[in-house]
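Secondary and tertiary structure notes
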Amino acid sequence: MWTTGAIAGPPTLSVHVILIFMPIELPVELKKCPLCGVQVPENDMRECSICHSTFCLYCAMNEYGKIFCSKRCRGFFFWGDSDENEKEY
C-alpha cells in the first residue's frame, strides 16, 4: 500500500544497484595559443586555411565555410591576391 507525504522507511523489496562504467579519460595535452596565449586542449587548436598557422578555437574566425586566424587572412581569401603582379596579354 502506498502512503502519501510520509516516509514509510527502507524499501521492503530487494533493490539492485546498476553500475554505469564511464571510460577513463586520458590526460589531455595542453597547447598554448600563439594569438591569445591561453592554454587549450590540443583538440581545440585549428589551422588557418590561408597561412596554415595554428590558433585556438576561441580565436578562430569562421567565414565563408572556412576557418581563418585573422581578418587579413579572411580578406585575402575573399578578395584574393592583388592584380598588380599579373601581366595583361
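Preceding block: the structure.
Below is a short write-up of the structure. (Residues numbered from 1 in each chain as written. Predicted model: local features only at pLDDT ≥ 70, side-chain atom pairs only at ≥ 80, totals over all residues. Heavy atoms only, no water.)

**Regarding the overall build of the chain**
To keep it simple, the criterion reads: Comment: elements are numbered from the N terminus, with helices defined as DSSP H or I runs of at least four residues and strands as E runs of at least two. Only protein chains enter the accessibility calculation, which uses a 1.4 Å probe; a residue whose area is less than 20% of its type maximum is buried, one above 50% is exposed, and one in between is partly exposed. We call two residues in contact whenever any of their non-hydrogen atoms come within 4.5 Å of each other.
Helix and strand counts for the chain stand at one helix and six strands. Beginning at the N terminus, the succession of helices and strands in the chain can be written as β-β-β-β-β-β-α. Looking at the 89 residues of the chain, the share that counts as buried comes to 13%. For the chain, contacts bridging at least 24 residues in sequence account for 8% of all contacts bridging at least 6.

**Examining the nonpolar core**
What counts, and what does not: For the purposes of this section, nonpolar cores are sets of buried Ala, Val, Leu, Ile, Met, Phe, Trp, Tyr and Cys residues that join through side-chain atoms within 4.5 Å.
Counting 11 residues, the largest nonpolar core is built from Cys33, Val40, Met45, Cys48, Phe55, Cys56, Ala60, Met61, Phe68, Cys69 and Cys73. Sequence-distant contacts of Cys56, that is, excluding residues within four places in its chain, are made with Cys33, Cys36, Val40, Asp44 and Met45.

**Overview of unusual backbone geometry**
One non-glycine residue, His52, adopts positive backbone phi at about 60 degrees. Secondary-structure assignment places His52 in the loop between β3 (45–47) and β4 (54–56). The class of His52 is exposed, set by a relative accessible area of 51%. Its identity as a non-glycine residue notwithstanding, Tyr64 has a phi of 55 degrees, on the positive side. Mapped onto the elements, Tyr64 comes out in the loop between β5 (61–63) and β6 (66–68).

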